[in-house]
Amino acid sequence: MSEPTDCIVLRGIAAEAIVGVYDFERDQTRPVPIDLTLWCDLRAAAASDDVAETIDYDGVTQTVHQVCATLQPALIETLAGTIATRLLGDARIRAVTVTVHKPGAVAGVEDIAVRLHRSQAEHP
């Protein structure tokens, strides 16, 4: 099955997480803004104007916050991968692109980010 061309984009999810490899990064949460692109078939929602036919944006955002609150990984790569796996638990989401930002992670660099793309074909 080819990837759908329809997508839902959530930009700037204001998440916080304990993430990092250094001791000082493990003491408290830090902002990790997250962007998502959810690849899905939106034809039914577009035709019906029925919220039940689309992805629950609030539910997606809650999933991101829950992963960020509980995972506490060393790497933002792990955080992004876990978010992708959780979101792909909804079979209507055929693929997801997750970008996790870690502003201020490196002195003199405004933002560091990891972007990954995962699909149902790769989902166990």
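It should be noted that the structure appears before, not after, this text.
As the structure is a computational prediction, the values presented were derived from the model and not from experiment. (Residues numbered from 1 in each chain as written. Predicted model: local features only at pLDDT ≥ 70, side-chain atom pairs only at ≥ 80, totals over all residues. Heavy atoms only, no water.)

## Some thoughts on the packing of aromatic side chains
The geometry of an aromatic ring pair is captured by two quantities: the separation of the ring centres and the angle between the planes.
Part 1 of the reasoning: On inspection of all chains with the given rule, the structure shows one aromatic pair.
Part 2 of the reasoning: Measuring from centroid to centroid gives 5.8 Å for Tyr22 and Phe24, while their planes differ by 5°, and the two rings are stacked. Of the two residues, Tyr22 and Phe24, neither departs from the other in class, the shared state being exposed. (Phe/Tyr/Trp six-rings, centres within 6.5 Å; stacked < 30°, edge-to-face > 60°. Buried < 20%, exposed > 50% of the residue type's maximum accessible area, 1.4 Å probe, protein only.)

## Thoughts on the pattern of salt bridges
Part 1 of the reasoning: Per the counting criterion, the structure on display carries four salt bridges.
Part 2 of the reasoning: For Glu25, the salt bridge is made with Arg30, and the minimal N-O distance between the two is 3.9 Å. An identical accessibility class is assigned to Glu25 and Arg30; each is buried.
Part 3 of the reasoning: The partner of Arg92 in a salt bridge is Asp90, with the nearest N and O atoms 2.8 Å apart. (Salt bridge = Lys/Arg side-chain N within 4 Å of Asp/Glu carboxyl O.)

## A closer look at a nonpolar patch on the surface
Part 1 of the reasoning: On the surface, a cluster of nonpolar side chains totalling about 450 Å² of accessible area is made up of Val21, Tyr22, Phe24 and Leu75.
Part 2 of the reasoning: You can see Val21 is positioned in the loop between strand S2 (16-17) and strand S3 (30-31). (Patch = residues over 30% accessible without salt bridge, like charges linked within 9 Å, V, L, I, M, F, W, Y side chains within 5 Å. Areas by Shrake-Rupley, 256 points an atom, 1.4 Å probe, with all protein chains shown as cover. Helix = DSSP H or I, 4+ residues; strand = E, 2+ residues; numbered from the N terminus.)

## Some details on the environment of Ile112
Part 1 of the reasoning: Mapped onto the secondary structure, Ile112 falls in the loop between strand S5 (95-101) and strand S6 (113-119).
Part 2 of the reasoning: Judged by its relative accessible area of 30%, Ile112 falls in the partly exposed class.

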